[in-house]
Amino acid sequence: MSAQVIDGKAFAAKVRGQVAEGVSKLKTDHDLVPGLAVVLVGEDPASEVYVRSKGKMTVEVGMKSVEHRLDADTSEADLLAIIKSLNEDATIHGILVQLPLPKHLNEDLVINSIDPAKDVDGFHISNVGLLGTGQKSMVPCTPLGCLMMLRDHHGSLSGLDAVVVGRSNIVGKPMAQLLLGDSCTVTIAHSRTKDLPDVVRRADIVVAAVGRPEMVPGDWIKPGATVIDVGINRLDAPEKGEGKTRLVGDVHYESAAAVAGAITPVPGGVGPMTIACLLANTLTACCRANGLPEPEGLTA
Ligand SMILES: NC(=O)C1=CN([C@@H]2O[C@H](COP(=O)(O)OP(=O)(O)OC[C@H]3O[C@@H](n4cnc5c(N)ncnc54)[C@H](OP(=O)(O)O)[C@@H]3O)[C@@H](O)[C@H]2O)C=CC1
Ligand SMILES: Nc1nc(=O)c2c([nH]1)NC[C@@H]1CN(c3ccc(C(=O)N[C@@H](CCC(=O)O)C(=O)O)cc3)C=[N+]21
């Protein structure tokens, strides 16, 4: 194995340390405590893990953490009413509605009912438009975390060929916007892309956000390329014991690490950075809401 392993877990701990410093300064200088509210409708196992560690880390960095757990059959009107009350709550600076939502709820409508200033996921159409036009916005946490690791590894990304596999609104598209913002030559690939292996082989930077376990093998990777694996796939692992599972990414780690220049592992790569960036966005939102200077190095 030759690639340098990009330690997202350690990087995220450093980011959370910076956030904690910012939070402590807000308390001392302005008697302010940033507040983050997470709304979870129904039970999604992937979201459960995320919500649990998020709540713990929110408190660890000194913020207020609020959780709303609603039944899977919650009506749209009830959900919108909760979001409205959080929009109006001056102690809440960030609101996150866990996705996916149950089928009977209109995801676009729900997301766009969040006050864009509190939209720490960066999914509101107003933040999407601001990002797309290069203006100050709330930047989606997962792509922001990927960008931080890429900048840290490369210094400048200018002129590099980047291929993003996946075009979702929550990862692929905003990731491509951020890479474009840093002057990469960006290709967005998806399920209809012709000759995907050849497209990926051109890339200096590969971001895999597909949701298919170990789909990208090492022989798609240009020697020396940087590989960012966003995928979180839980597979059965009977070898670890009955009912046990293991996490794998969208990249076949072993074969890719043999040719890549650098690679993020799963777990311990993009996932922890996503949570760290959520906390960073909440701190940023709190500073903006109070007309205070933003924390340095924690925004795009
Ligand atoms: N680490 C983290 O913090 C996070 C991890 N994730 C993980 O990232 C992965 C992607 O998530 P998300 O973006 O929400 O997923 P989506 O299902 O919304 O999007 C998947 C994308 O992959 C594309 N795709 C599917 N199959 C193929 C294929 N065979 N070849 C090429 N492209 C394909 C789809 O193309 P098309 O549009 O044509 O259908 C789609 O654009 C998941 O594993 C998810 O769990 C997600 C969020 C945060
Ligand atoms: N509105 C919204 N925003 C999101 O950002 C969002 C969402 N909905 N829905 C679900 C996905 C998924 N997601 C993860 C974040 C962190 C880890 C994470 O920390 N993973 C650990 C492993 C955790 C484990 O052991 O299971 C790791 O990769 O090391 C995983 C998944 C955010 N998402």
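These numbers were taken from a predicted model, which means no experiment stands behind them.

**Comments concerning the nonpolar core**
Phase 1: Core analysis: the biggest nonpolar cluster contains 89 residues, and Val164, Val165, Val206, Val207, Ala256, Ala260 and Leu279 have the highest contact counts within it.
Phase 2: Here the element with the most residues in this core is helix α10 (residues 270-289); it accounts for 12 residues.
Phase 3: Both of domain 1 (31-116) and domain 2 (141-271) provide at least three residues apiece to this core.

**Focus: the site of ligand 2**
Phase 1: Within the structure, ligand 2 sits among 21 residues, and Val49, Leu99, Pro267, Gly271 and Thr274 are positioned closest to it.
Phase 2: For the shell around ligand 2, the secondary-structure elements that each account for two or more residues are α2 (45-60), β4 (94-97), α6 (141-154) and α10.
Phase 3: A total of 5 residues in the shell around ligand 2 trace back to one element, the largest contributor, which is α2.
Phase 4: The residue makeup of the shell around ligand 2, split by class, is 13 nonpolar, 7 polar and 1 charged.

**A look at the sheet that holds strand β3 (residues 64-70)**
Phase 1: Ordered in space as β3-β2-β4, the 3 strands form an open sheet in which the pairing is parallel. A strand with exactly one partner marks an edge of an open sheet, and here the two such strands are β3 and β4. Here the strands of the sheet are splayed against their neighbours by 15° on average, with no regard to which way each runs.
Phase 2: Across 7 bridges, the pairing between strand β2 (residues 35-41) and β3 is parallel. When the bridges of β3 are listed, Leu40 appears paired with Arg69.
Phase 3: Most of the contacts of helix α3 (residues 76-88) go to β2, to which it runs at about 180°, and overall it touches β2, β3 and β4.

**Side note on the site of ligand 1**
Phase 1: Close contacts around ligand 1 come from 26 residues, with Gly166, Ser168, Ser191, Gly211 and Thr274 the closest.
Phase 2: Here the element with the most residues in the shell around ligand 1 is α10; it accounts for 3 residues.
Phase 3: Looking at side-chain class alone, the shell around ligand 1 contains 10 nonpolar, 12 polar and 4 charged residues.

**Focus: the packing of α6 against helix α7 (residues 172-181)**
Phase 1: Relative to each other, α6 and α7 sit at 35°, their axes nearing to 8 Å. Of the two elements, α6 crosses α7, and the hand of that crossing is right-handed. Judged by residue contacts, Pro143, Cys146 and Leu147 of α6 engage Pro174, Met175 and Leu178 from α7.
Phase 2: Across the contact of α6 with α7, the residue classes break down as 6 nonpolar, no polar and no charged.

**A short note on the UniProt feature "domain: Tetrahydrofolate dehydrogenase/cyclohydrolase catalytic" (unreviewed entry) in the protein**
Phase 1: Here the UniProt feature "domain: Tetrahydrofolate dehydrogenase/cyclohydrolase catalytic" (unreviewed entry) sits at residues 6-121.
Phase 2: For the annotated span residues 6-121, helix accounts for 49% and strand for 16% of the residues, and the straight-line distance between the end C-alpha atoms is 24 Å.

**Considering the sheet that holds strand β6 (residues 185-189)**
Phase 1: Taken in spatial order, the 6 strands line up as β1-β11-β8-β7-β5-β6 in an open sheet, and their pairing is parallel. The sheet terminates laterally at β1 (4-5) and β6, the two strands that pair on one side only.
Phase 2: Here α6 sits on the sheet in contact with β7 (205-208), β8 (226-229) and β11 (262-263), set at roughly 160° to β8.

**Let's talk about the UniProt feature "domain: Tetrahydrofolate dehydrogenase/cyclohydrolase NAD(P)-binding" (unreviewed entry) in the protein**
Phase 1: Sites flagged by UniProt as "domain: Tetrahydrofolate dehydrogenase/cyclohydrolase NAD(P)-binding" (unreviewed entry) map to residues 140-288.
Phase 2: As annotated, residues 140-288 has a helix share of 36% and a strand share of 19%, and its two end C-alpha atoms lie 17 Å apart.

The rules behind the values
Residues numbered from 1 in each chain as written. Chains lettered and ligands numbered in written order. Predicted model: local features only at pLDDT ≥ 70, side-chain atom pairs only at ≥ 80, totals over all residues. Core = buried A, V, L, I, M, F, W, Y, C linked by C-beta atoms within 7 Å. Buried ≥ 20, exposed ≤ 12 C-beta atoms within 10 Å, placed from the backbone. Helix = DSSP H or I, 4+ residues; strand = E, 2+ residues; numbered from the N terminus. Domains from an automatic or database assignment. Near = placed C-beta within 6 Å. Nonpolar A, V, L, I, M, F, W, Y, C, P; charged D, E, K, R; others polar. Pairing = 2+ DSSP bridges. Axes fitted to C-alpha atoms, helices over the stretch in contact; angles between N-to-C directions. Contact = placed C-beta atoms within 7 Å. Left-handed = near helix turned anticlockwise from the far one by under 90°. UniProt positions renumbered as here; feature names shortened; annotations may be inferred.

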